[in-house]
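Coordinate analysis (summary)
One-letter residues, chain by chain:
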Amino acid sequence: ILIIIFVFDFYIFAKDNTTLGEFRGAEIESTVWSPLVAKDVNKNTIHMMIDNKEYTSDTLKFYMDDDRNIMVPVDMLREALNCSARIYQENELWVEKHSLMADYMLGTDNDFILYDGKFYVSMNSLSEMLDCTCTFDTDTNTLTVVDNSEGISDVPPSYDLRTRLRVSEVRNQGTYGTCWAFAAISALESSLMPEENLLFSVDHMSMSNSFNVNQYDGGEYTMGMAYLAAWQGPVYEKDDPYGDGATDESLSPVKHVQEIRIIDGKDYQGIKEAVFKYGGVQTSLYSNISSSKGNSKYFNKDTNAYCYMGSEKPNHDVVIIGWDDNYPKENFNVDLEGDGAFICQNSWGNEFGDDGFFYVSYYDTNIGTHNEVYTGVENTDNYDNIYQSDLCGWVGKMGYDKEDMYGANVFTATSDQNIKAASFYATASDTSYELYIVNDFKDEYSFAGRKKVAEGTLENAGYYTIKFDEEVPVTEGERYAVVLHINTPESTHPMAIEYDSGESYLKDVDLDDGEGYISYDGAAFINVKEKQDCNLCIKAFSDNK
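The structure contained in this document is the topic of the report that follows. (Residues numbered from 1 in each chain as written. Predicted model: local features only at pLDDT ≥ 70, side-chain atom pairs only at ≥ 80, totals over all residues. Heavy atoms only, no water.)

**What about the overall build of the protein chain?**
When helices and strands are tallied, the protein chain shows ten helices and 33 strands. Computed over C-alpha atoms, the radius of gyration of the protein chain comes to 26 Å, within 12% of the 24 Å expected from 2.2 N^0.38 for 545 residues, which places it in the range of a compact globule. For the protein chain, the spread of C-alpha atoms along the principal axes amounts to about 85 × 65 × 45 Å. Looking at the 545 residues of the protein chain, the share that counts as buried comes to 55%. In the structure as shown, the protein chain presents an accessible area of about 24,200 Å², 45% of it carried by carbon and sulfur atoms. In the protein chain, which carries 40 positive and 93 negative side-chain charges, the distance between the mean positions of the two groups comes to 2 Å. (Helix = DSSP H or I, 4+ residues; strand = E, 2+ residues; numbered from the N terminus. Rg over C-alpha atoms; globule rule 2.2 N^0.38 Å. Buried < 20%, exposed > 50% of the residue type's maximum accessible area, 1.4 Å probe, protein only. Areas by Shrake-Rupley, 256 points an atom, 1.4 Å probe, with all protein chains shown as cover. Lys, Arg positive; Asp, Glu negative; His and termini not counted. Charge placed at Lys NZ, Arg CZ, Asp CG, Glu CD.)

Dropping the structure here:
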């Protein structure tokens, strides 16, 4: 026993994975030694450095197994490795980066396992397959992963979600102006595939929202964002079928959408990475036809290739589900400078294009100018309650002609609860934020007692839910405030607001359902409805005690 203890202490900081040599005539096999090392490593926080970003086992629950592999949850791979990582048939893992793929089957070896209800994969094995260097330093309990493919795009030159079983069913909007809802729903469904194959209701999104529109009026992507962010949907297609002229506003959502990222206009690399990692990207283009039976000089029916180069604004929404950098420019009806096209899913049925899909040139005027992707779709047991006053969502922006400002919404707790998170819109990329809570809110002077609960920076514009560092308890009937300090570089109006802009589709905006405050510097706050006649887009989420 003393010999084993001595050997363990002497070699605990060894940095290689080889078996030990002889020690006084005895050899300790790796089957004995490795579990001892793993046990010691797992006693402390494990750090992981990937592309200069640090992750810890305290929050992401990765660990060292008995073979001295660092096992990481699959759901962290997309963000940590900037890759595609999907589970097929609940037993196969596909991880893609660059033009490389790692394929694992559950039960064939210990590199891919189901542990404590979550899928885990060996970062050591994965790094080798994706051309990364992976080293573990026992002195600091740190795993370092370095991508050896520096200068190479994270995405391949061509990609098609159809070949990955990550594209939803092609449907037909008919004579209605509901392309915006079809594109939103199709992109949402794609984001959940292949793990979940669900069919959501376009009828419900286009009819059971908070806007003054009917299905002939048309719409835009921000309307779908507002509907989903407010937990008004989605609901299943079978519960509210399309085209019957009726909807059921009593239906409850079957998923909670907590994050929607907006990709900057014409950021083709960003669009490709979003498709690669998350699924279909909703986008807009201009079309002078409205069904599969129409003809257009911009559309080549023989090659299913479309390109418009003019000054008309977008009037039709589709879903980008792939791309081909080498798609020939000769396939289009117009003369183009170069090759390349996005693969898009339409909502004109299978008779249009290639079974409902078509190619849109990179040189199209409007493609890729308005883009959103669903990056945070959760089950409905994530939070018990949502507090909000912005059912129409991001209608406009406000500010003090500078990059930052303070905003706050006051809510009343409906029972004894723990406030766990808050959400808001980042109106442009690289937005930084600080979130605070004020308990027992009385009046404007209560803001002086605010307590910070979260902070960070958001790479993309969009809608985000931020979990607090610690839950904040409130009692039934207690008024509490969620305070947001937001900073958006090069912006003069960083705060998203809901208001009546005078457009007909916004005439039902309710500005009496909330209590909001704004401040220039976080010192003195004023009532936003009294001064600006609007609601702030700040929500809160809680669990019942």
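**Details of the sheet that holds strand β3 (residues 63-64)**
Judged by pairing direction, the sheet is antiparallel, and its four strands sit side by side in the order β3-β4-β9-β8 without closing on themselves. Edge strands, defined here as strands with exactly one partner in the open sheet, are β3 and β8 (112-115). Pairing geometry for β8 and strand β9 (residues 118-122), over four bridges, is antiparallel. Within the sheet, the bridge partner assigned to Tyr115 lies in β9 and is Lys118. (Pairing = 2+ DSSP bridges.)

**As for the nonpolar core**
Within the largest apolar cluster, 83 residues are counted, with the highest numbers of intra-cluster contacts made by Phe342, Phe358 and Tyr374. With nine residues, helix α6 (residues 179-192) is the single largest residue contributor to this core. Beyond its immediate stretch of four places on either side in the chain, Phe342 contacts Tyr268, Ile271, Lys272, Ile320, Gly322, Trp323, Phe358, Tyr359, Val360, Tyr362 and Ile367. Among the nonpolar cores identified, the runner-up in size contains 33 residues, and Ala38, Phe62, Tyr104 and Val145 belong to it. (Core = buried A, V, L, I, M, F, W, Y, C linked by side-chain atoms within 4.5 Å. Contact = heavy atoms within 4.5 Å.)

**So, the environment of Thr465**
Of note, Thr465 is situated in strand β27 (residues 461-474). Between the alpha carbons of Thr465 and Thr475 there is a distance of 23 Å; along the sequence they are ten residues apart. Excluding anything up to four places from it in sequence, Thr465 contacts Gln258, Tyr383, Ala421, Ala422, Ser423 and Phe541. Among the polar contacts made by the side chain of Thr465, one reaches the main-chain carbonyl oxygen of Gln258 at a distance of 2.7 Å. (Polar contact = N/O pair within 3.5 Å; in protein donor to acceptor, adjacent residues only side chain to side chain.)

**Let's talk about the pairing of strand β1 (residues 47-50)**
With burial as the criterion, only one face of β1 is covered, namely that bearing Met48 and Ile50; the residues His47 and Met49 on the opposite face remain uncovered. For β1 and strand β2 (residues 53-56), the ladder comprises four bridges, and the chain directions are antiparallel. Residue pairing for β2: Met48 is matched across the bridge by Tyr55. Examined bridge by bridge, β1 and strand β11 (residues 142-147) share four bridges and lie parallel to one another. Looking at β11, one finds that Ile50 is bridged to Val145.

**Observations concerning the packing of aromatic side chains**
Summed over all chains, the structure comprises 40 aromatic pairs. Taking the centre distance of 6.5 Å and the plane angle of 50° together, the rings of Tyr104 and Phe112 count as tilted. As far as burial versus exposure is concerned, Tyr104 and Phe112 are alike and both buried. Over the ring of Phe357 we find Arg162; its NZ or CZ atom is 4.7 Å from the centre of that ring. Of note, Lys402 hangs over the ring of Tyr520, and the distance from its end group to the ring centre comes to 4.3 Å. (Phe/Tyr/Trp six-rings, centres within 6.5 Å; stacked < 30°, edge-to-face > 60°. Lys NZ or Arg CZ within 6 Å of the ring centre and 35° of its normal.)

**Notes on the side chain of Ser284**
On the secondary structure map, Ser284 appears in strand β14 (residues 281-285). Overall, Ser284 belongs to the buried group, its relative accessible area being 6%. Polar side-chain contacts of Ser284 include one of 2.7 Å to the side chain of Asp317. Contacts of Ser284, omitting those with residues within four sequence positions, involve Pro314, His316, Asp317, Asn366, Ile367, Gly368 and His370.

**Some remarks on helix α9 (residues 268-277)**
Summarising burial for α9: eight of the ten residues are buried, a large majority. For α9, every residue scored as buried is listed here: Tyr268, Gly270, Ile271, Lys272, Ala274, Val275, Phe276 and Lys277. After α9 finishes, the residue Gly279 shows a positive phi value of roughly 130°.

**Structural notes on the pattern of salt bridges**
Summed over the entire model, instances satisfying the criterion amount to 23 salt bridges. Salt-bridge contacts for Lys118 lead to Asp75; the nearest nitrogen and oxygen are separated by 3.5 Å. Placement of the pair is Lys118 in strand β9 and Asp75 in the loop between β4 (70-73) and α4 (77-81), with a sequence separation of 43 residues. Classification of Lys118 by relative accessible area gives partly exposed; the value is 32%. Exposure remark for Asp75: the relative accessible area of 55% places this residue in the exposed category. Notably, a salt bridge pairs Glu434 with Lys452, separated by 3.4 Å at the nearest N-O pair. One end of the pair, Glu434, is in strand β25 (residues 431-438); the other, Lys452, is in strand β26 (residues 451-458), with 18 residues separating them in the sequence. Three or more residues joined by partner-sharing salt bridges are found here, namely Glu79, Glu259 and Arg261. (Salt bridge = Lys/Arg side-chain N within 4 Å of Asp/Glu carboxyl O.)

**Description of α6**
In a regular helix each residue adds 1.5 Å, so 14 residues correspond to 20 Å; α6 covers 20 Å between its end C-alpha atoms and thus fits that length. Most of α6 sits out of view: 14 of its 14 residues are buried. (Expected span 1.5 Å × (residues − 1).)

**Details of unusual backbone geometry**
The omega torsion of the bond from Met193 to Pro194 falls at 5°, within 30 degrees of zero and hence cis. Considering the arrangement of structural elements, one finds Pro194 in the loop between α6 and α7 (202-207). At the junction of Gly233 and Pro234, the peptide bond is cis and its omega measures out at 10° in the coordinates. Mapped onto the elements, Pro234 comes out in the loop between α8 (221-229) and β13 (256-263). Within the chain, Asn141 stands out as a residue other than glycine whose phi angle is a positive 55°. Take Asn141: it is sitting in the loop between β10 (132-137) and β11. The phi torsion at Glu490 lies on the positive side, around 65°, for a residue other than glycine. One can find Glu490 in the loop between β28 (479-487) and β29 (495-498). Using a relative accessible area of 78% as the deciding quantity, one classes Glu490 as exposed.

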